[in-house]
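# Breakdown of the fold
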Amino acid sequence: MDYATAIKEIKNRLRLCMNGAAAADMRSHGIEYHLNFGVTAVELKRIAAEYGKDCGLACALWKENIRECRILATMLMPPAEMDNQLADLWLENVQFPDLAEQFSFNLLKNTDFAGELAFRWIAGQNDMGQYCGYLILANLVRSKGQMSPRYRDELTDQAHTDLSSSCVSVRTAAQRILEILTDQP
């Protein structure tokens, strides 16, 4: 596949689907991407379905520094081709909760190392990494149910610590994981 041509086609499609009001609303809430078309998740899923999983295209899209291109990258990256090092590299470009959510739900939760990565990130200092970590763990706890007492205790302790985080997203995610753990048998 010629990635330059594919990216040009994708950008043209994004322009046609542009929602200036949605992009302006995000900016008014402090979510200021280099470029944001305000395209809906439904439309992004349609575009992703046309291209299918492709590591090279996903990596090329991630480099574009455009909100929708990065979200598409999370949809197109085959989970088996994402590794810890690449996840850490991509995390450096995650500045806002909406992209953290897409990164976590579309891609990271489906990797073989999701739990390991999540625990490492929640123990770190990167707010968006912590947020991603909590999102991944919440998904894993809901889908797989029980976790070992050691991991449960570690997660509970970290979440209690993060209830006083300066980042609203981290505080909210920590509170949510504690609620999920309380609901678990």
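Everything here concerns the structure above.
Described below are features of the structure shown in this document. (Residues numbered from 1 in each chain as written. Predicted model: local features only at pLDDT ≥ 70, side-chain atom pairs only at ≥ 80, totals over all residues. Heavy atoms only, no water.)

## So, the overall build of the protein chain
If you tally the helices and strands in the protein chain, you get 11 helices and zero strands. Each helix and strand of the protein chain, ordered N terminal to C terminal, gives the series α-α-α-α-α-α-α-α-α-α-α. For 185 residues, the compact-globule formula gives about 16 Å, and the C-alpha radius of gyration of the protein chain, at 17 Å, lands near that figure. The dimensions of the protein chain, computed from C-alpha atoms along their principal axes, are 50 × 35 × 25 Å. Counting only residues that meet the buried cut, the protein chain has 48% of its 185 residues in that class. Pairs at least 24 residues apart make up 68% of the contacts formed inside the protein chain by residues separated by at least 6 positions. As displayed, the protein chain has an accessible area near 9,300 Å², and 50% of this comes from carbon and sulfur atoms. (Helix = DSSP H or I, 4+ residues; strand = E, 2+ residues; numbered from the N terminus. Rg over C-alpha atoms; globule rule 2.2 N^0.38 Å. Buried < 20%, exposed > 50% of the residue type's maximum accessible area, 1.4 Å probe, protein only. Contact = heavy atoms within 4.5 Å. Areas by Shrake-Rupley, 256 points an atom, 1.4 Å probe, with all protein chains shown as cover.)

## Some thoughts on helix α1 (residues 3-16)
For α1, built from 14 residues, the straight-helix expectation of 20 Å at 1.5 Å per residue is met to within 8% by its first-to-last C-alpha distance of 20 Å. Looking at the packing, one finds that the buried side of α1 touches α3 (41-51), α4 (55-62) and α5 (67-76). Of the residues flanking the start of α1, the one acting as N-cap is Asp-2, its side-chain oxygen 3.4 Å from the backbone nitrogen of Ala-4. (Expected span 1.5 Å × (residues − 1). Polar contact = N/O pair within 3.5 Å; in protein donor to acceptor, adjacent residues only side chain to side chain.)

## A closer look at the environment of Ala-4
Note on placement: Ala-4 falls in helix α1. The spacing of Ala-4 and Ala-60 is 56 residues in sequence and 8.4 Å in space, taken between C-alpha atoms.

## Things to note about the nonpolar core
Leu-61, Met-77, Met-82, Trp-90, Phe-103 and Tyr-134 are the most contacted members of the largest nonpolar core, which totals 67 residues. It is helix α9 (residues 127-144) that provides the largest number of residues to this core, a total of 10 residues. The contacts of Tyr-134, once residues within four sequence positions are left out, are Ile-122, Leu-155, Gln-158, Ala-159, Asp-162, Val-170, Ala-173, Ala-174 and Ile-177. (Core = buried A, V, L, I, M, F, W, Y, C linked by side-chain atoms within 4.5 Å.)

## Describing the packing of aromatic side chains
Counted under the stated rule, the structure contains six aromatic pairs. Geometrically, the ring pair formed by Trp-62 and Trp-90 is stacked, given 4.3 Å between the ring centres and 5° between the ring planes. With Trp-62 in helix α4 and Trp-90 in helix α6 (residues 84-91), this residue pair connects regions lying 28 residues apart in the sequence. Here Trp-62 matches Trp-90 in class, with each residue buried. Through a chain of ring-to-ring contacts, the aromatic side chains of Trp-62, Trp-90, Phe-103 and Trp-121 assemble into a single cluster. The ring of Trp-62 is capped by Arg-70, whose NZ or CZ atom sits 5.2 Å from the centre of that ring. (Phe/Tyr/Trp six-rings, centres within 6.5 Å; stacked < 30°, edge-to-face > 60°. Lys NZ or Arg CZ within 6 Å of the ring centre and 35° of its normal.)

## A look at the state of the cysteines
Following the criterion strictly, the structure yields zero disulfides and no others. The structure places no disulfide on Cys-17, whose sulfur is separated from the nearest cysteine sulfur, that of Cys-69, by 12 Å. (Disulfide = S-S within 2.5 Å.)

## What about the pattern of salt bridges?
Evaluated as defined, the whole model comprises eight salt bridges. The closest approach of N and O atoms between Arg-13 and Glu-50, which form a salt bridge, is 2.7 Å. Of this pair, Arg-13 sits in helix α1 while Glu-50 sits in helix α3, placing them 37 residues apart in sequence. Assessed through its relative accessible area of 52%, Glu-50 is described here as exposed. When salt bridges with common partners are traced through the structure, they connect Arg-13, Glu-43, Arg-46 and Glu-50 into a single cluster. (Salt bridge = Lys/Arg side-chain N within 4 Å of Asp/Glu carboxyl O.)

## What about α3?
Note: α-helices contain 3.6 residues per turn, so residues at a spacing of three or four share the same orientation. Taken as a whole, α3 has its buried residues at Glu-43, Leu-44, Ile-47, Ala-48 and Tyr-51. Viewed end-on, α3 has its buried residues packed into an arc of 140°, placing them on one side of the element. In α3, the exposed positions that point more than 90 degrees away from the buried face belong to Val-42, Lys-45, Ala-49 and Glu-50. The positive-phi residue at the C-terminal boundary of α3 is Gly-52, with phi of around 75°. (Arc of directions from axis to C-beta.)

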